[in-house]
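Chain by chain, the residues run as shown.
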Amino acid sequence: MHILALPPILLVLSNVHAFQYEELVQHIDSHQEEYVEALREWIAIESDSSNVLKRPDLHRMMEMVAQKLTQMGGTVELVDIGEQELPDGQMLALPKVVTALFGSDSDKYTVCIYGHVDVQPAKLEDGWATDPYNLTDINGNFYGRGASDNKAPVLAWIHAVGAYKALSMELPVNVKFVIEGMEETGSNGLDTMILAQRDTFFSNVDYIIISDCSWLSRRPALTYGTRGNCYFYAEVEGPKQDLHSGVYGGAVIEPMTDLIGILNTLISPSGTILIPGIREAVAPLSDEEWKMYQDIQFDMDNYKNEIGVNQLMYNNKVDLLAHLWRYPTVSIHGIEGAFSDQGTKTVIPAKVTAKFSIRQVPNMDPAMVKKQVTDYLHSVFAKRKSPNKLKVTMVIGAKPWLADTQHALYEAGKAAIKRVFDMDPDLIREGGTIPIARTFQDVTGKNIIMIPIGGFDDGLHSQNEKISRYNYIEGTKLFIAYLNEVSLIKSRV
Ligand SMILES: *[C@@H]1O[C@H](CO)[C@@H](O)[C@H](O)[C@H]1NC(C)=O
Ligand SMILES: [Zn+2]
């Protein structure tokens, strides 16, 4: 028979490769300076996606990512995702999305790593101690805009794959990359690209990995949930133009008074959301969840110091974490049309627009929230019997994301953290929103894990953003170990 004529070696499945962790770690340690230089080179690119004048830098950034992955032997594409319309009607090309593929062995799992290389704005004058685009090493911390969010984690993944390649070791899983350049402004164009490539690039992806978040303490973490966000504008319009308060004050029913009146009915001083239906939609806190929160390392005093307050809404750890991660909240962000300039201007603004948002958690539904908020605000406004006009619009409706921490992907994460750090991870959620996680889940139907490597005090989006050498380098080792752990998952689940 034909099959018996084959040499026995070919009958051995390709999954029996000893994991040469020590060699890989040695490679990482001996190439540290190279990795720091790579980060320096990336930080020097002002890839601020919110500033249209920086768009050429952003295009260059995407090309550098593509080039690096190509040099490593990946199959790389720069995917055109079209243009964005600017407020003045002009069209501007979006930065291309970089996709890459390493390995296509159908006996192996395929993971897809998502990251972004655009950054928040940063200027020295904002209060940075160092030039935000000149990577500066102070006591083992690398300061620079985008260091932790998300350039170093993306590089760490690239270097993890690169280490296997450099040592001519077979990758334990096939690895795909999706690196975008519009995350900080809402991942414009990415949803469409994911949808368009669902049956091509994403069709054989088993798992999606995101490393765009941070630890909660000095202990490594795995992130299993993020809150969504519904963002609203509430506009109150009255007289046809701004008026002088000395001349007209007392005669007109002022839009600003109406607006502040209704804003004040959204949430109570003790944090209770007053919009009917919202609290009822929230999934109840289970005993297991309560227990998980108990086990998390979290220093309330540290947290207070970090934000500069002496009192928080809740004074025990479990309540606080629960309200950061798994309960909704209302934040009022500002009022447009109001003169907040310095000086004692005595104007009655004719039209004012409040901006507020409601963080979303399971099982809230943005479409329902939109209706609940709009109906409620109109009803409290009606009670004022004001002749002014109220208009409520929801401009963002991002759903929350929640994973199962018992899933094999998380077990693999725990094992990798154990190997590299000799600890159990904090299992945490993020209060913020990573909308793309939910898109990946909804469109591809694949399981997602978030493995952060950034430190709890990295200052994402703030002045003096940094990542430590420890987190950058040990994080790279964690990714190496993680790829191996994923390959050991028993069956596709
Ligand atoms: C970055 O900072 C270092 C140290 O202050 C300085 O020597 C170097 O010239 C700076 N590089 C750039 C490109 O500004
Ligand atoms: Zn980010």
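- The chain appears in an unreviewed UniProt entry as Peptidase M20 dimerisation domain-containing protein from Mola mola.

### Description of the overall build of the chain
And step 1. Counting secondary structure elements, the chain contains 15 helices and 20 strands.
And step 2. In summary, the chain has a C-alpha radius of gyration of 25 Å against a globular reference of 23 Å for 493 residues, a match within 12%.
And step 3. Projected onto its principal axes, the C-alpha coordinates of the chain cover approximately 100 × 50 × 50 Å.
And step 4. Taking all 493 residues of the chain together, the buried fraction comes to 50%.

### Side note on a nonpolar patch on the surface
And step 1. A cluster of nonpolar side chains, Y233, V395 and I396, forms an exposed patch at the surface whose accessible area comes to about 240 Å².
And step 2. Note that V395 resides in strand β16 (residues 389-398).
And step 3. V395 gets classed as partly exposed once you look at its relative accessible area, which sits at 46%.

### Observations concerning helix α13 (residues 408-421)
And step 1. Taking 1.5 Å of rise per residue, 14 residues should cover 20 Å, and α13 covers 20 Å from first to last C-alpha, within 8% of that figure.
And step 2. The first or second residue beyond α13 is D422, which carries a positive phi of 55°.

### Some points on the packing of aromatic side chains
And step 1. Scanning the model with the defined rule gives 13 aromatic pairs in all.
And step 2. The interplanar angle of 15° and the centroid separation of 5.2 Å between the aromatic rings of F232 and F356 together place this pair among those described as stacked. You can see F232 sitting in strand β11 (residues 228-237) and its partner F356 sitting in strand β15 (residues 351-360), a full 124 residues away along the chain. Neither residue differs from the other here; F232 and F356 are each classed as buried.
And step 3. The ring of F201 is capped by K176, whose NZ or CZ atom sits 4.4 Å from the centre of that ring.

### Things to note about empty space enclosed by the protein
And step 1. Taken as a whole, this structure holds one cavity of 30 Å³ or more when the rule is applied.
And step 2. Secondary structure elements with two or more residues in the lining of the largest cavity: β5 (110-116) and α4 (147-166).
And step 3. At four residues, α4 tops the list of elements feeding residues into the lining of the largest cavity.

### Let's talk about helix α2 (residues 32-43)
Turn by turn, an α-helix covers 3.6 residues, leaving residues three or four places apart pointing in a common direction.
And step 1. When the terminal C-alpha atoms of α2 are compared, their 16 Å separation across twelve residues agrees well with the 16 Å that a helix rising 1.5 Å per residue should span.
And step 2. Turning to α2, its buried residues are Q32, Y35, V36, A38, L39, W42 and I43. For α2, the angular spread of the buried residues around the axis is 155°, confining them to a single face.
And step 3. At its buried positions, α2 is contacted by α1 (21-30), α3 (55-71), β7 (141-143), α4, β20 (466-468) and α15 (469-487).

About the criteria used
- Residues numbered from 1 in each chain as written.
- Chains lettered and ligands numbered in written order.
- Predicted model: local features only at pLDDT ≥ 70, side-chain atom pairs only at ≥ 80, totals over all residues.
- Heavy atoms only, no water.
- Helix = DSSP H or I, 4+ residues; strand = E, 2+ residues; numbered from the N terminus.
- Rg over C-alpha atoms; globule rule 2.2 N^0.38 Å.
- Buried < 20%, exposed > 50% of the residue type's maximum accessible area, 1.4 Å probe, protein only.
- Patch = residues over 30% accessible without salt bridge, like charges linked within 9 Å, V, L, I, M, F, W, Y side chains within 5 Å.
- Areas by Shrake-Rupley, 256 points an atom, 1.4 Å probe, with all protein chains shown as cover.
- Salt bridge = Lys/Arg side-chain N within 4 Å of Asp/Glu carboxyl O.
- Expected span 1.5 Å × (residues − 1).
- Phe/Tyr/Trp six-rings, centres within 6.5 Å; stacked < 30°, edge-to-face > 60°.
- Lys NZ or Arg CZ within 6 Å of the ring centre and 35° of its normal.
- 1 Å grid on protein atoms, 1.4 Å probe; cavity = no way out; pocket = protein on both sides within 12 Å on 5 of 7 lines; lining within 4 Å.
- Points joined across faces, edges and corners; volume = space filled by probe spheres on them.
- Arc of directions from axis to C-beta.
- Contact = heavy atoms within 4.5 Å.

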